[in-house]
Amino acid sequence: MRIVAGLAVVAMLVAGTSTAQADTLDYVALGDSAAAGPLIPNQDPALWCLRSDHNYPQIVANLLGATLTDVTCSGAKTDDFAGRQFGFVKPQYDALKPTTDLVSITIGGNDVGLVQTALGCINLLPEPVGLSCRDRLTAGGDKVAADIAKWAPEFGAALDEVKRRAPHAKILVTGYGTYIRPGGCYPVQPIWARDSDYLQASVNLLSTTAKAEAEKRGATYVDLAAVSVGHDTCAKPADRYLEGLIPTTIAAPLHPNAAGMKAFGTAVAKATDLVGPAA
């Protein structure tokens with residue numbers, strides 16, 4: 001009888017463990033450096049992706065108690081969801097399974113060259129000594145806006161593929177942050193006012209395009225621009241969520257820092273409706 005009772009207890013424990021494992025949220029994070037967190041300590045030993053263990057997917061997983069598969073990778077474009085980035089990094093889609101419960105996606109900035117555009121807007125001297133990137137990029141039509149319009153259906157197709165591979169998952173699409181406030185803050189960030197406004201308008205257009213494609217497919221959009229208002233590259237270093245051309249914390253230029261990742265992760269976790277307002 002003791003043996004039978006003991007076996008019953010073991011069976012209950014095993015069943016309880018299996019139930020707990022089944023109840024654990026299976027979370028997959030897809031995306032580029034805005035999600036990966038280049039240079040933020042601590043970096044994944046697979047250094048080619050410059051992925052931090054304090055990026056927003058890690059924050060989300062900790063808040064939700066989820067099991068995270070983080071395949072975000074700096075430099076990723078939408079094509080890298082299906083292809084091998086750098087020729088050897090596995091396609092990000094490979095992380096998705098029919099049992100995946102939650103997917104977050106941050107992508108598009110590299111497809112349209114936002115960082116390169118921002119670097120092309122640097123003017124070390126005030127107007128009129130130099131060339132306006134806004135004037136250059138909008139002569140004969142807005143080049144960045146055209147690239148974003150071209151990217152939109154590609155992103156829509158990517159969302160369709162995510163849904164196909166993870167049919168039961170809640171899909172969260174994030175935009176990009178508020179990198180610079182209206183009028184800029186020359187010379188703190190050496191970008192003229194009109195060029196600052198053009199750059200942020202381009203970021204916002206990319207984000208609203210991602211939002212539109214997400215909402216067409218019933219995915220949830222997370223507005224990180226709203227989260228980072230007042231915490232842009234013009235803010236005091238201690239208040240910044242995003243680093244400027246010269247970082248003031250350990251993070252890549254023109255990318256979120258650890259404080260930004262914490263704020264963004266909190267916003268993404270709340271968008272799942274699985275955490276309370278105090279999280």
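Residues numbered from 1 in each chain as written. Predicted model: local features only at pLDDT ≥ 70, side-chain atom pairs only at ≥ 80, totals over all residues. Heavy atoms only, no water.

## Considering the pattern of salt bridges
Counted according to the given criterion, the structure contains 12 salt bridges. Close ionic contact of Arg-194 with Glu-127 constitutes a salt bridge, the shortest N to O distance being 2.6 Å. On the criterion of sequence distance, the pair formed by Arg-194 in helix α7 (residues 193-216) and Glu-127 in the loop between α4 (114-119) and α5 (133-138) is long-range, its members being 67 residues apart. Given the relative accessible area of 24%, Arg-194 is considered partly exposed. Among the ionic contacts, a cluster of salt bridges with common partners joins Glu-127, Arg-134, Asp-135 and Arg-194. (Salt bridge = Lys/Arg side-chain N within 4 Å of Asp/Glu carboxyl O. Helix = DSSP H or I, 4+ residues; strand = E, 2+ residues; numbered from the N terminus. Buried < 20%, exposed > 50% of the residue type's maximum accessible area, 1.4 Å probe, protein only.)

## Description of the side chain of His-255
Mapped onto the elements of the fold, His-255 is located in the loop between α8 (224-227) and α9 (258-271). Assessed through its relative accessible area of 11%, His-255 is described here as buried. Side-chain polar atoms of His-255 contact the backbone oxygen of Pro-253, separated by 2.7 Å. If sequence neighbours within four positions are ignored, His-255 has contacts with Ser-33, Ala-34, Pro-38, Val-115, Tyr-179, Tyr-241, Leu-242 and Glu-243. (Polar contact = N/O pair within 3.5 Å; in protein donor to acceptor, adjacent residues only side chain to side chain. Contact = heavy atoms within 4.5 Å.)

## Focus: α9
Here α9 is 14 residues long and its end C-alpha atoms lie 20 Å apart, about the 20 Å a rise of 1.5 Å per residue gives. Within α9, burial applies to Gly-260, Met-261, Ala-263, Phe-264, Gly-265, Thr-266, Ala-267, Val-268, Ala-269 and Ala-271. In this structure, the buried side of α9 is in contact with α2 (33-36), α3 (56-64), β4 (170-174), β5 (220-222) and α8. Between the side-chain oxygen of the N-cap and the backbone nitrogen of Ala-259 there are 3.2 Å, and the N-cap of α9 in question is Asn-257. Immediately beyond the C-terminal end of α9, within one or two residues, lies Asp-273, with a positive phi of roughly 65°. (Expected span 1.5 Å × (residues − 1).)

## A short note on the pairing of β4
Within β4, 4 of the 5 residues are buried, which leaves it mostly tucked inside the rest of the structure. In the sheet, strand β3 (residues 102-106) pairs with β4 via 4 bridges, with the strands oriented parallel. Looking at β4, one finds that Val-103 is bridged to Ile-171. With 3 bridges joining them, β4 and β5 adopt parallel strand pairing. (Pairing = 2+ DSSP bridges.)

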